[in-house]
Amino acid sequence: MIEIKGLSFKRDSRFIFQNLEMTVAQGKITAILGPSGSGKTTLLRMIGGQLKPQYGFLKYKGKDIASMSRSELFGFRKNLGMLFQSSALFTDLNVFENVAFPLRRHTNLSRQAIRDLVLMKLNAVGLRGAASLEPSQLSGGMARRVALARAIALDPHLLLYDEPFTGQDPISMGILISLIKSLSGTLNATSLIVSHDVMETLTIADYVYVIFDGSVIGEGTPREILDSSSPKVQQFINGTRNGPVPFHLDAEDLEKQLMVVEKN
Amino acid sequence: MIALLDRLGVWALNYLSRLGRATSMWFTSVAHIPHGQDMHLVLNQLHHVGVRSVLIIVLSAFSIGAVIALQFHTQLSRFGAEDAVGLGLTLTLLRELGPVVTGLLFAGRAGSAITAEIGLMKTTEQLSSMEMMGVDPLYRIVAPRLWAGIISMPLLTIIFNVVGIFGGFIVAVQWLGSDPGGFWSGMQAGVELWNDIGKGLLKSLLFALVITWIAVFQGYDTEPTAEGVGLATTRTVVLSSVVVLAMDFFLTLIMYGDF
Amino acid sequence: MGTRAIEISVGAFVLSAILALAFLVIKVSGISLDTSSQVHTVIARFDDVSGLRERSKVTMAGVTIGRVADLEIDLEYGQAIVYMEIDGPPGSLTIDTGAQILTEGVLGARYISLLPGADIDFLQDGDFLMEGNTQGAFVLENLIGDLVTRLGGE
């Protein structure tokens, strides 16, 4: 469904992606694992058409996203649901209106139909009772579930999740995992998860890419990733302190730096 | 030397590209005249930037009117020209202080709030998520605020002027005992509909365009961090105030200058 | 805050601004809404109308009865021609009515004071006041100049 070929993206002369190759299969949950700062959010933005790659292309159903016209892009985005890391609920609307927002914007449904749809979507994430609350009254976990209800309001074909598990307590995490899984089942949508929470991601993904330093260092089913022989992949999924990825950022030798007497 | 030129060049390019982005943002959003379901967004914003600024406008206008009347009265009564207090006060308010002080208060009260709100929306990815939903934040977020600001400012200026005159009336007539007939007739003989009232309101409309433009752009272009939003808010107030004062000088020169 | 409350408050805001504007236009700039009421014009020549302007008051015995409608210059005689709009239908001012330009207070606004005459004929719409019955503005600088010359002469 999404095909990424030879993708490179540079910011301030630093490569965030270098020659990235990936395929997101229709109807499956694909996960991208990578340490923080590896540009995962940037990748989602490129898929959503907010950023353009400098080299290579991203294709959605065979169409290059970066060269879509404005109306094509907005049409494509109607089929896209994205769950942001910060939930990004609209603070000037209450929970009900947040979920109703895409429906009001993109459909001509009657008030009654919108009301029913919103309540169904909220019910799907177990928060029908929170409809009249303001976003500021929600806990982090609830806010993310509301954001999920909003993301699926238009029954999108493609769901993007940006760090869905970060900062969640174990219970909300469990709820989110089962929600993501069941949603991709009931909506028959294609899901793409970017995350650095290894174990949670591995439990729901059908196919996993591990990226590091702007390129794919490992890919396969969760089982294959866990059994990977690559030391980098092993270090990342086990969270060991030292390995191919150094704990210390490049710096002068500690001893030398400490010995220097400051001039003033 | 070369390094200095280089820095200057980079600065100028950055500045120009910011100006370009700000201009294109303004035209894109203002061209979107809200209609249909967007009308209630404008209404909400009229409430936020207009209604909520009324209190501070009324309080400031009253005290400024009172103070001007007091000063004029003490000076003019030495020449027995108390009747000129009403006219002097009114012209000062209509031509200068009404639009300028309303502009400054508006920048501090509403402009900063607009910047902070939009900046926070950007920081919390609300703008980005809206875009991902296929809704242009320039239409949904920026346009209603621009329009509400442009509508509110002249209305607030009118209220400011009237409350200021009322404050002056209280001081000059009720308190210092000027003749009310002289107060009003002096005013009526000297105030002209277009030259004084009209041009003053035109000034406030121009201030409104600039203040809302600055406020909205600073919010939209903010660094998406808590610190960035803080800085952007400060910049809105400082920049709008300076621009309003500078603009006022040139507008006065053009409108009332003799050349 | 409910939608309804917001609508009401915005409505009140706009309404109060409109009322305030009406106040400015009517009470402050002194434009009369009552345009239907009848007025007539009389014209006077003055040697000097310094400080007089459009919409300056025209009074008789201290009561405002009209306003200056227009000021023109007659280059041939070097005189100012003042069109005065007098409230009410023609027939209120006699043809020997006098006019002088006075000042409210020492530094106040200039206005025209009409002096009632005794003739039995009345000024019609567009009539001129009699030559010699008008007294122009009393210019403080000229007076001081005069005084200085005289004092110097003695």
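Now for a quick tour of the structure. (Residues numbered from 1 in each chain as written. Chains lettered and ligands numbered in written order. Predicted model: local features only at pLDDT ≥ 70, side-chain atom pairs only at ≥ 80, totals over all residues. Heavy atoms only, no water.)

Here we come to unusual backbone geometry. We note that Glu163(A) has phi near 45°; this positive angle belongs to a residue other than glycine. Within the secondary structure, Glu163(A) is located in the loop between strand S7 (158–162) and helix H6 (170–186). Among the residues examined, Glu163(A) registers a relative accessible area of 4% and is labelled buried. Positive phi, close to 65°, is recorded for Glu125(B), a residue that is not glycine. (Helix = DSSP H or I, 4+ residues; strand = E, 2+ residues; numbered from the N terminus. Buried < 20%, exposed > 50% of the residue type's maximum accessible area, 1.4 Å probe, protein only.)

It is worth spelling out the packing of helix H8 (residues 193–220) of chain B against helix H9 (residues 226–256) of chain B at this point. Residues and elements named next belong to chain B. Taken N-terminus to C-terminus, the directions of H8 and H9 make an angle of 150°; their axes are 9 Å apart at the nearest point. When the axis of H8 is compared with that of H9, the two are roughly antiparallel. Once H8 is placed against H9, the crossing between them reads as right-handed. By residue class, the composition of the contact of H8 with H9 is 15 nonpolar, 6 polar and 5 charged. (Axes fitted to C-alpha atoms, helices over the stretch in contact; angles between N-to-C directions. Parallel < 35°, antiparallel > 145°, perpendicular 65-115°, else oblique. Left-handed = near helix turned anticlockwise from the far one by under 90°. Nonpolar A, V, L, I, M, F, W, Y, C, P; charged D, E, K, R; others polar.)

The subject of this paragraph is the interface of chain B and chain A. Interface extent is often summarised as the accessible area lost during association of the parts. The partner chain A presents 24 residues to the 17 residues of chain B that form the contact. Both sides together, the interface formed by chain B and chain A hides about 2,000 Å², and carbon and sulfur atoms give 52% of it. By the criterion of area lost to chain A, the three top residues of chain B are Glu125(B), Met132(B) and Met133(B), representing 35% of everything that side buries. Connecting chain B to chain A are 4 salt bridges. Residues Arg105(A) and Asp38(B) are paired through a salt bridge, measuring 2.9 Å at the closest nitrogen-oxygen approach. Counting the contacts that link chain B with chain A gives 11 residue pairs in polar contact (both at pLDDT 80 or more). (Contact = heavy atoms within 4.5 Å. Buried area = accessible area lost by both parts, 1.4 Å probe. Salt bridge = Lys/Arg side-chain N within 4 Å of Asp/Glu carboxyl O. Polar contact = N/O pair within 3.5 Å; in protein donor to acceptor, adjacent residues only side chain to side chain.)

With that settled, consider the interface of chain C and chain B. If you look at the interface, chain C gives 26 residues, while chain B gives 31 residues. Counting each side, the surface lost to burial between chain C and chain B is near 2,500 Å², with a carbon and sulfur contribution of 77%. At the boundary of chain C and chain B, one finds 1 salt bridge. Close ionic contact of Glu192(B) with Arg53(C) constitutes a salt bridge, the shortest N to O distance being 2.8 Å. Applying the counting rule to chain C against chain B returns 2 residue pairs in polar contact (both at pLDDT 80 or more). Of all the elements, helix H1 (residues 3–28) of chain C adds the most residues to the side of chain C that touches chain B, at 15 residues. Looking at the side of chain C that touches chain B residue by residue, the classes come out as 15 nonpolar, 5 polar and 6 charged.

Attention now goes to the packing of helix H6 (residues 137–175) of chain B against H1(C). Relative orientation and spacing of two packed helices are given, respectively, by the angle between their axes and the distance between those axes. Two numbers describe how H6(B) lies on H1(C): the axes approach to 9 Å, and their chain directions differ by 55°. The orientation of H6(B) with respect to H1(C), classified from their angle, is oblique. Regarding H6(B) and H1(C), the two cross each other, and that crossing is left-handed. Seen from H6(B), the contacting residues are Ser152(B), Leu155(B), Leu156(B), Ile158(B), Ile159(B), Asn161(B), Val162(B) and Ile165(B); seen from H1(C), they are Phe13(C), Val14(C), Ser16(C), Ala17(C), Ala20(C), Leu21(C), Phe23(C), Leu24(C) and Val28(C). Looking at the contact of H6(B) with H1(C) residue by residue, the classes come out as 14 nonpolar, 3 polar and no charged.

Right, let's get into the packing of aromatic side chains. Residues and elements named next belong to chain B. Inspection of the entire model under this criterion finds 11 aromatic pairs over all chains. Between Phe-169 and Phe-183 the ring centres are 5.3 Å apart and the planes differ by 70°, which places this aromatic pair in the edge-to-face class. Here Phe-169 is found in helix H6, whereas its partner Phe-183 is found in helix H7 (residues 180–190), with 14 residues between them in sequence. According to the relative accessible area criterion, Phe-169 is buried, its value standing at 16%. What makes Phe-183 buried here is its relative accessible area of 1%. (Phe/Tyr/Trp six-rings, centres within 6.5 Å; stacked < 30°, edge-to-face > 60°.)

The next subject is the sheet that holds strand S2 (residues 14–24) of chain A. Residues and elements named next belong to chain A. Strand order in this open sheet of 4 strands is S2-S1-S4-S5, and the pairing throughout is antiparallel. What marks the edges here is a single partner per strand, and that holds for S2 and strand S5 (63–64). Here strand S4 (residues 55–60) runs beside S5; their pairing, made up of 2 bridges, is antiparallel. Each residue of the ladder has a partner; that of Lys-59, found in S5, is Asp-64. Helix-sheet contacts for helix H1 (residues 40–47) involve strand S1 (2–11), S2 and S4, and the interaxial angle to S1 is about 120°. (Pairing = 2+ DSSP bridges.)

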